[in-house]
Amino acid sequence: MAMEPVEMEINGTKQVSPDHLPFARSYQLEALEKAIKQNTIVFLETGSGKTLIAIMLLRSYAYLLRKPSPYIAVFLVPTVVLVSQQAGVVQMHTDLKVGKYWGAMGVDFWDAATWKKEQDEYEVLVMTPKILLDALRHSFLKLEMIRVLIFDECHNAKGKHPYACIMKEFYHRLLATKYQPPRILGMTASLVKAKGSGFALDYWKQIRELENLMNSKIYTCVNESVLAEYMPSSTTKLKLYEDMDIPSTLSKGLMHALTSLREKYELSIERSTILETSAESAKLRLTKLFNNFEFCMKELGVWLAFKAAESLSCDDENDTFSWGKLDLCGETIARDFILDALKIFSSYLPSGPNWSIANDTEANVDAGYLTIKVICLIESLLEYRDLQDLRCIVFVERVITAIVLQTLLDELLLELTGWKTEYAAGSTCKLQSQSRKKQNKIVDEFRKGAVNIIVATSMLEEGLDVQSCNLVIRFDPSTTVCSFIQSRGRARMQDSVFLLLVKRGDNSTLAQVKNYLVSGDLMRQESLSHASIPCEPLDGDLSNEIFYRVETTGALATLSSSVSLIYFYCSRLPSDGYFKPSPRCHIDKESETCTLYLPKSCPLQSVTVQQNIKILKQFACLEACKQLHQIGALTDNLVPDIVVEEAGALKLERYLDEQMIFAAPELISQSSSDYQTLYHCYLIELERKFEYDIPVQDIVLAVRTKFDVDDQSLAFDLEVDRGNMGVHIKYVGVVHLASEQVVLCQRFQLCIFRVLLDHNLNKLDDVLNAFSLRNGLSVFDYLLLPSTGSPQKSISIDWKCVCSFLWDDPMNCSSPSCNGRLVKTKNCLTCLCMLENCLVSTPHNGRVYCTTGILYDLNGNSLLKLKDGEAITYKQYFLKKGIDLLFEGEPLINGRHIFPVQNHLLRCRQQKAREPSNSSVELPPELCSIIMSPISVSTFFSFSFVPSIMHRIESLLIASNLKKIHADHCMQNVNIPTFKVLEAITTKRCQEKYHLESMETLGDSFLKYAASQQLFMMHQNHHEGLLSVKKEKIISNAALCKLGCDMKLAGFIRTEPFDPKSWIIPGDYSEKYELSEEFFYSTRKVYIRGRRQIKGKVVADVVEALIGAFLSSGGEVAAIQFMKWIGIKVGFTDVPYERKFSIHPEMHINIPHLESLLNYSFHDASLLVEALTHGSYMLPEIPRCYQRLEFLGDAVLDYLVTMHLYEKYPGLSPGLLTDLRSASVNNDCYAQSAVKVGLHKHILHASKELHGQIVNTVQNFNGSSVESTYGWECEINFPKVLGDIIESLAGAILVDSGYNKDIVFECIRPLLEPLITPQTVRLQPARELNDLCQKKNYIMKKPIVSCEKGVASITIEVDANGVIHKETCTATDKKMAKKLASKALLKALKEGISQ
């Protein structure tokens, strides 16, 4: 939506008054007064403080800019390096909020919302002009919302420069509207950028053009004396040098050698198999390198040409010269050419340790190693060797000159004078890549004196503030008036010198210098003499250029901008390594028509226009922009649709803080004042599946709320030390318990679980005291009670055992076998049989034991055999420990250590073959205190498994609640097993037998398929790239995580293994646990038991796993219903598929053969043509390539193969399904299948590179001895296109069959045979190597990757417990090289393990 401008009239000085700075100079104040009254171009010398005038103007307008005002000011600077400099000055002298913008920030891809945010936050926006121009063209920013628009170095406003385009396309058009234009302030040290002449009229003509374009009048000082009061001026000197070429013999010999070398490399490029575009780039690069070497040799000397080659060959991290977009092979060719050129130059130079370029400069000139011009520079610098604190800038025209001169000066002058030399070059040269950070560092060191000389290109001429310079040398003459004035202006110190090196006899350069010297005065005089003449409107051709405007937003495309917009749009279309989508123009000069052909993936295939021949291509592009906008391919801001889609993508947060952890409401405490409480009872039946001398006992679980969990979920196995323990939980009815009985039960379970968890009595008293007080509610309210196992009753609670902690008559034993014998215990005199099955403590060592019987044949005088073989009596043994047995004649009691409470849900628990020898002890009764009696060892043994059982039950209840919440809002009643939901919310970190990976794999494949099919049907004009971005916004982890969090799924997820120590005993009041209620749709309630940090990806994985769970149990309809509930709006909507193929398929492909191969007859054979057409095949009659069908086929094949594997192998362990899927569904597998059946012969393409790669691939494949490759085993690098056509054919069959997936699988499956099975699956070698290293704790070092002559090499090293294994492999790409190296290393490691 376009922003409506706020009307706020500003009439001259009535609302804007000057805001002076106290240190402003008189001419600065005059310029400010004028700038407030009217648009102004400030024409003053470099260093005169023009920026300060801009600052004062911003201060004067500040009251209109301060937020919440919608208005802004924009400060434009011509180079990136000036953005930070000028922004810093604005921040220093104003209180305005300043934003900084340049291309590397990614602003090209910002949308209207991002720009609105910047406009709302900042008051002054400092940027390069292209950014503002683009933002205006796309209507992200409105010119009428800009109150002040500053143009730094405004002399650039010419031709197609962004400065000029901003004024022509927007400012002058705004003048014709009701909106107020911004105040314009231009700043420059030269009004003319051309070469200049000695005629005043020529200057006035150019000045007049600048004034009219900028709609501004010029302010300047009357004469230089005004400025001389405030700033020093440099002395201009001229130094003439003799012209002398390098020796003819040397020149001819070198040129012949270099020319032959270039021809050799050009021939090698023609014979190579590199991409056509890469070959053209490589040839162009060779030409540029050749020209650079020739220039250096002739203009600077052979030694500096050698240095040029040497610097270009350096391969360090801060590469001076980048190779642009050359591929690996093209880069290698360029690098080899440089190295060979280096050898040629080296062969023409003296060698030996004693020779140096500094030895004899006169001889070096005679030999042609250096030119007289270079010697003149050195001599000129040495004239200033006595100058204290030299700061010199040497201006050169070429980057390569700057680099080699820096090398020479550093070598010659550093030792002689101590001067350090650096070079600085802008980023406009394609070969040069000196970073902005490096440039700023050099300038900063120059200011501080750490660098004395900078050899610079024009980048230091314009705007950059280097105030400490006292010598400027023009090594190469200035090409324009502006360049001359600005480079002279760099000499800012008192008594500074501006030195010009000119070849003797070069009259044209001398005349040009003369003109340059008077140019400043001429421009000043012409400006002052015409100051009263108002600006004129632009010529009609300039201001009335043809354009297309979007009415809703105001976005604009002109003849000038439409070409770049079309190229930008095409660059965002899908591409591969064999073609880059770009428009093609066919111009018929006779009829003055132009047909613009767009790539096949573009919804608009061609545009034909008729217009003036001069603007024909531009007009065709403008018409294409218009039509692309009308069909939606360009948005209302005239931005490619894919850019907007990408901008809206969510970013996944790695960790999500403060996520809830839910507790099952069925187990939570409920307040009750009733005398009797109804409990639903479940019998936990334990089945010991191993031999052991202690029997198990069933346990009664009594809860206040009946479970809504399917029966099959309540049967599972526990992993115990000696095998598996079967657990079966069944509902056995209800029981009413009086409040006294409930208290007894709760005290019993507090005692038994506290003892089991602690193995001592340290906490028991505190727990029981807290229970007696019972302040508030405990967290969990359920009962776990021993069962008598009586078959007569369904609910058979062992009340005698429950009351075991209440024993109060130690001498009254009700046991029928009691002989009435009394013994002395630690706390009382008791009947001996009371010690047979009880819990005792031994205060002397703080331990607790459960007793299993009386040892009548042992007493204190019996012998005890010690570990060292010595035999002593029990009395003697205890006496050594300081305990004197008083009743040594009493029989000893058999005591057993308390069973450990462990996590019995862990997968792959290490089982013990037998019990430890010290599991039982002989205890004298007099050392024992009875805690609970009677209670059997079987009860303790059985109850030691209860925490793990309850953790599983609680997990099932959490899953059940999630299932019910979904069912409350599901139109279809799907009976999904609770355990499936539990599996889907359990992560691998829980270390249980099941986890979400299989369900996640299934859900991921279905979600991808469902989203892809819907997008394919609903957006029939969208290309594959746009469909992929839209799909990613649906299925990405970030999107799924957001949906999962919105539905509070994070609270249900299980992310940690069960820790018995953290298990809360039901009825425990000793610790405070905060619980709060959480409602779903105001009907379902769960409880929050805490908060945690959870990974965003985990939430996304659970969403996919739940989709898989509903899919596997309820089919696709159930999965779709769940997806809609979670917020994923996809479905299988039946939309007619409209095709505009008016071709004869049989003219392009062999339809009978292909239908026979696929075992399918197409209703619309044009789908078959589309499925086999590569993007490089540019026949107009085939309007589409295979990319859209590949998009659809990729998803459907992934889903079909995944479902096939899941259904065929139902017992797969979690993770194996993922491995099977990744090994089956990959481009290499598909590519092999395509080659096996000869599909490569039927691909329609026009790529020489693709043809060559297919031929090589087929030859290598046919020569391979591998019979069954299964993808990862194959060592051939397949072109991706071969795999793509398997997917596109699947997509074509799916569409043609009316979206019948079964038919697709029937047709494609035979091509993929033999399918991978659990027996034949192989992990990807790199993955398998990583897994092996983790499992064996091997150390794998970071792989070393190198590329040379188009070949990738990788070295992988593993330290296997001190044994070093290293493998190096090469291939055409890094991916294949890594696979081969990993395979070789795996083989070596496995052989080492087997030995």
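Residues numbered from 1 in each chain as written. Predicted model: local features only at pLDDT ≥ 70, side-chain atom pairs only at ≥ 80, totals over all residues. Heavy atoms only, no water.

**Some details on the sheet that holds strand β6 (residues 183–188)**
Cut-off, in case you're wondering: When DSSP locates at least two bridges between a pair of strands, those strands are taken to pair. What counts as a helix is a DSSP run of H or I of at least four residues, what counts as a strand is a run of E of at least two, and both are numbered from the N terminus. Working convention: axes come from line fits to C-alpha atoms, limited for helices to the stretch in contact. Angles between N-to-C directions cover 0 to 180 degrees. In what follows, residue pairs with any heavy atoms lying within 4.5 Å of each other are defined as contacts.
Read across the open sheet, the seven strands follow the order β3-β4-β2-β5-β6-β1-β7; overall the sheet is parallel. What marks the edges here is a single partner per strand, and that holds for β3 (98–101) and β7 (217–219). Each strand axis lies, on average, 20° off the axis of its neighbour in the sheet, ignoring direction. Here strand β2 (residues 72–76) runs beside strand β4 (residues 124–127); their pairing, made up of four bridges, is parallel. Pairing of Ala73 across the sheet is with Val124, part of β4. Relative to the sheet, helix α3 (residues 80–93) contacts β2, β3, β4 and β5 (146–152), its axis offset from that of β3 by approximately 175°.

**Side note on the pairing of strand β17 (residues 593–597)**
Where strand β16 (residues 584–588) and β17 come together, five bridges link them in antiparallel fashion. The residue of β17 that forms the bridge with His586 is Thr595. In textbook terms, the turn of a hairpin is the stretch between consecutive antiparallel strands, and for β16 and β17 this stretch comprises four residues, one of which, Glu592, has a positive phi near 55°. Across five bridges, the pairing between β17 and strand β18 (residues 606–610) is antiparallel. Its bridge partner lying in β18, Tyr597 is registered against Ser606.

**A look at the packing of aromatic side chains**
Keep this limit in mind: Working definition: rings of Phe, Tyr and Trp (its six-membered ring) pair if their centres are within 6.5 Å, and the pair is stacked with planes under 30 degrees apart, edge-to-face with planes over 60 apart, and tilted otherwise. Relative accessibility decides the category of a residue: with a 1.4 Å probe and only protein chains considered, values under 20% of the type maximum give buried, values over 50% give exposed, and everything between is partly exposed. A ring has a charge above it when a Lys NZ or an Arg CZ is no more than 6 Å from the ring centre and no more than 35 degrees off the ring normal.
By the definition in use, this model includes 34 aromatic pairs. Ring plane angle 90° and centroid distance 6.0 Å describe the contact between Tyr101 and Trp110, whose orientation is recorded as edge-to-face. Trp110 shares its class with Tyr101; the two are buried. On the basis of an interplanar angle of 50° and a centroid distance of 5.1 Å, the ring pair of Phe899 and Phe941 is categorised as tilted. You can see Phe899 sitting in the loop between β31 (892–897) and β32 (920–923) and its partner Phe941 sitting in helix α27 (residues 937–943), a full 42 residues away along the chain. Taken together through their ring pairs, the aromatic side chains of Phe690, Tyr692, Phe899, Phe941 and Phe945 make up a single cluster. The ring of Tyr71 has Arg147 lying over it, and the distance from NZ or CZ to the ring centre is 4.7 Å. When the ring centre of Phe716 is taken as reference, the NZ or CZ atom of Arg952 above it lies at 4.8 Å.

**Considering unusual backbone geometry**
Pro68 follows Lys67 through a cis peptide bond whose omega is 20°. Position of Pro68 relative to the elements: it lies in the loop between α2 (50–65) and β2. Cis geometry marks the peptide bond from Ser933 to Pro934, where omega comes out at 0°. With respect to the element layout, Pro934 can be found in the loop between β33 (929–932) and α27. A positive phi angle is found at Gln991, which is not glycine, with a value near 60°. Looking at the element boundaries, Gln991 is found in the loop between α29 (978–984) and α30 (997–1018). Unlike most non-glycine residues, Asn1159 shows phi in positive territory, near 55°. Tracing the sequence through the fold places Asn1159 in the loop between α34 (1151–1158) and α35 (1166–1171). When its relative accessible area of 66% is taken as the criterion, Asn1159 is described as exposed.

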